[in-house]
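# Examination of the molecular architecture
The primary structure of each chain is shown beneath.
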Amino acid sequence: MHPYEKTIAEKMNGIAGKDVYFDVDKIMSENDDVRTKIIGLLVESACCYTNVLPITIARDCLKQFPKDWVCEKIRQTVFDSINVNDYWDYRRLLEVSKIISDDLLKWALSLGKDSNDIDIIEAVEDFS
């Protein structure tokens, strides 16, 4: 296991208190607080890292959850997990949203549409 993957796995398992890494059924059987924290961790990993491996791992995991459920959890956790005013984080959020759901992408685009940051405006235009 690559060190980045190991780090994400250890964090997910630490949140749950047992081995749940990349096992959606195990994660979904956890209580809501654990599930929410895991989604927050995955959103952070998918949006904040600069290395493609943790970004890809987190995206691949997020795609495995029931779409409507994960969209709601992303909306619920995004502001605690990433800085939506940071260009890098915001663009990664748009990428993740596009992969998961058109509705999630529309919501994510709405977060940046009134920005004064030229890079965020460019990201909105790129994904609109």
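This text follows the structure it describes.
Residues numbered from 1 in each chain as written. Predicted model: local features only at pLDDT ≥ 70, side-chain atom pairs only at ≥ 80, totals over all residues. Heavy atoms only, no water.

### Quick word on the packing of aromatic side chains
- Within the structure shown, the criterion is met by four aromatic pairs.
- Each ring, one from Tyr4 and one from Tyr49, has its centre 5.9 Å from the other, and the planes form 90°; the classification is edge-to-face. Of this pair, Tyr4 sits in helix H1 (residues 3–16) while Tyr49 is found in the loop between helix H3 (32–48) and helix H4 (52–62), placing the two residues 45 residues apart along the sequence.
- Relative accessible area serves as the criterion here: at 30%, Tyr4 is assigned to the partly exposed category.
- Tyr49 gets classed as partly exposed once you look at its relative accessible area, which sits at 21%.
- Ring centres of Tyr21 and Phe22 lie 5.7 Å apart, and the angle between their planes is 65°; on these two criteria the pair is classed as edge-to-face.
- With a relative accessible area of 34%, Phe22 lands in the partly exposed category. (Phe/Tyr/Trp six-rings, centres within 6.5 Å; stacked < 30°, edge-to-face > 60°. Helix = DSSP H or I, 4+ residues; strand = E, 2+ residues; numbered from the N terminus. Buried < 20%, exposed > 50% of the residue type's maximum accessible area, 1.4 Å probe, protein only.)

### Remarks on the nonpolar core
- Within the largest apolar cluster, 42 residues are counted, with the highest numbers of intra-cluster contacts made by Met12, Ile39, Leu42 and Phe65.
- Of all elements in the fold, only H1, helix H2 (24–28), H3, H4, helix H5 (67–81), helix H6 (87–100), helix H7 (102–112) and helix H8 (118–127) reach the threshold of two or more residues within this core.
- Of all the elements, H3 adds the most residues to this core, at eight residues.
- Not counting chain neighbours up to four residues away, the residues in contact with Ile39 comprise Leu62, Phe65, Trp69, Val70, Lys73, Ile74 and Thr77. (Core = buried A, V, L, I, M, F, W, Y, C linked by side-chain atoms within 4.5 Å. Contact = heavy atoms within 4.5 Å.)

### Remarks on the side chain of Arg92
- Assignment of secondary structure puts Arg92 in helix H6.
- For Arg92, a relative accessible area of 9% corresponds to the buried category.
- Polar side-chain contacts of Arg92 include one of 2.8 Å to the side chain of Glu95. (Polar contact = N/O pair within 3.5 Å; in protein donor to acceptor, adjacent residues only side chain to side chain.)

### Description of the packing of H1 against H3
- The N-to-C vectors of H1 and H3 enclose an angle of 160°; their axes lie 9 Å apart at closest approach. As the angle between them shows, H1 and H3 are arranged roughly antiparallel. The handedness of the crossing between H1 and H3 comes out as right-handed. Contact residues: Ile8, Lys11, Met12, Ile15 and Ala16 in H1; Val34, Lys37, Ile38, Leu41, Leu42 and Ser45 in H3.
- For the contact of H1 with H3, the residue count by class is eight nonpolar, one polar and two charged. (Axes fitted to C-alpha atoms, helices over the stretch in contact; angles between N-to-C directions. Parallel < 35°, antiparallel > 145°, perpendicular 65-115°, else oblique. Left-handed = near helix turned anticlockwise from the far one by under 90°. Nonpolar A, V, L, I, M, F, W, Y, C, P; charged D, E, K, R; others polar.)

### Details of the packing of H6 against H7
- Interaxial distance between H6 and H7 falls to 7 Å at its minimum, and their mutual angle equals 160°. As summarised for this structure, H6 and H7 are arranged roughly antiparallel, according to the angle between their axes. As for how H6 packs across H7, the hand of that crossing is left-handed. Here Tyr90, Leu93, Leu94, Ser97, Lys98 and Ile100 of H6 lie close against H7, whose contacting residues are Leu104, Leu105, Ala108, Leu109, Leu111 and Gly112.

### So, the pattern of salt bridges
- Overall, the coordinates contain 10 salt bridges when judged by the stated rule.
- Ionic contacts of the salt-bridge type, sharing partners, join the residues Asp32, Arg35 and Lys73 into one network. (Salt bridge = Lys/Arg side-chain N within 4 Å of Asp/Glu carboxyl O.)

Spatial relationships are all this shows, so hold off on functional conclusions.
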